[in-house]
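Chains, contacts and geometry: an overview
Listed below are the residues making up each chain.
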Amino acid sequence: MTPLNTRPLIDSSTLARPGAALYLAWGSAIGAALWLAGCATPPPPPPPSAPPAVTPATPPAPPPAEPPAAGKVSDATSARAYRRDGAQHIYSLNQHRIYPGQMPPLLQAVGVMQVELDARGHIRRLEWMRAPKHVPAVMAEIERTVRAAAPFPAPRRLGSVVYTDTWLWDKSGRFQLDTLTEGQRSKL
């Protein structure tokens with residue numbers, strides 16, 4: 001039997017292209033961040049509720065569904081799909097702070113944040129998956145920006161959602177989210 005593909009995935013001619021090493025490094029960093037985001041352990045299940053002491057003759061009416069917060073509603077069917085709705089919501093509230101065009105090759109900070117939302121789009125929890133600890137002011141500003149964006153679009157089909165996005169932060173104080181990024185220049 002002969003091997004299906006004996007050609008290496010990356011050879012010296014690929015790396016000789018201008019900016020190829022930067023793209024390879026950037027792709028590896030994003031891949032590692034996504035891989036680490038998948039390693040999070042799910043929260044423990046809630047304790048089982050005690051059975052009712054008295055069974056009524058007629059079943060009680062189901063509790064009314066929790067209405068979404070006044071405002072936007074997301075029809076996303078997965079956390080990955082909701083991520084786009086969350087990013088668009090943050091962009092709509094911060095249009096003057098979005099970096100226009102491709103980001104520069106050297107960023108001040110890259111942070112990966114996980115956001116947990118309830119059925120009404122209110123924040124339950126923020127958790128850094130990769131915090132830009134070398135610039136605490138940027139960390140605080142990203143957290144402030146996310147909190148100020150609440151309530152997010154209510155995840156109607158999901159009930160609640162936990163999604164992750166990568167913040168690309170320029171030294172000018174402007175940013176892009178990886179979900180909606182326009183890319184990054186390879187040269188200054």
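Predicted model only: the values in this text are computed from it and were never measured.

Looking now at the pattern of salt bridges. As enumerated under the stated definition, the model contains seven salt bridges in all. Between D178 and R83 there is a salt bridge, with its nearest N and O atoms 3.8 Å apart. Here D178, found in the segment after β6 (175-177), pairs with R83, found in helix α3 (residues 79-93); they are 95 residues apart in sequence, far enough to count as distant. Given a relative accessible area of 18%, R83 falls into the buried group. One salt bridge connects R125 with E116, and the closest N-O pair in it is separated by 2.9 Å.

Of the pairings in the sheet, the one linking strand β2 (residues 109-117) to strand β3 (residues 123-130) comprises six bridges and is antiparallel in character. If you follow L117 over to β3, its bridge partner there is I123. With antiparallel pairing between neighbouring strands as the criterion, β2 and β3 make up a hairpin whose turn holds five residues, including G121 at a positive phi of roughly 90°.

Averaged over every residue, the pLDDT of the protein chain is 81; the share at 70 or more is 63%. A low-confidence stretch, residues 61-65 (pLDDT under 50), is modelled with zero contacts involving residues beyond four sequence positions or located in other chains.

Next up on the list: α3. Helix length check: α3, at 15 residues, gives a terminal C-alpha distance of 21 Å against a target of 21 Å (1.5 Å per residue), a fit within 8%. When α3 is considered as a whole, its buried residues turn out to be Y82, R83, G86, A87, H89, I90 and Y91.

Omega for the bond connecting A150 with P151 falls within 30 degrees of zero, at 0°, which places this linkage in the cis form. Relative to the assigned elements, P151 resides in the loop between α4 (136-148) and β4 (154-155).

Here we take up the environment of W167. Tracing the chain through its elements places W167 in strand β5 (residues 161-169). When its relative accessible area of 3% is taken as the criterion, W167 is described as buried. With 28 residues separating them along the chain, W167 and M139 place their C-alpha atoms 10.0 Å apart. Residues within four places of W167 in sequence aside, it is in contact with I90, A109, V110, G111, M113, I142, T145, V146, F175, Q176 and L177.

Take α4 next. The first and last C-alpha atoms of α4 sit 18 Å apart over 13 residues, in line with the 18 Å expected at 1.5 Å per residue. If you check which residues of α4 are buried, you get V138, M139, I142, T145 and V146. Projected onto a plane normal to the axis of α4, the buried residues spread over an arc of 130° and lie on a single side. Relative to its buried face, α4 has exposed residues pointing more than 90 degrees away, namely P136, A137 and A148. Buried residues along α4 sit in contact with α3, β2, β3 and β5.

Conventions adopted
- Residues numbered from 1 in each chain as written.
- Predicted model: local features only at pLDDT ≥ 70, side-chain atom pairs only at ≥ 80, totals over all residues.
- Heavy atoms only, no water.
- Salt bridge = Lys/Arg side-chain N within 4 Å of Asp/Glu carboxyl O.
- Helix = DSSP H or I, 4+ residues; strand = E, 2+ residues; numbered from the N terminus.
- Buried < 20%, exposed > 50% of the residue type's maximum accessible area, 1.4 Å probe, protein only.
- Pairing = 2+ DSSP bridges.
- pLDDT = per-residue confidence, 0-100.
- Contact = heavy atoms within 4.5 Å.
- Expected span 1.5 Å × (residues − 1).
- Arc of directions from axis to C-beta.

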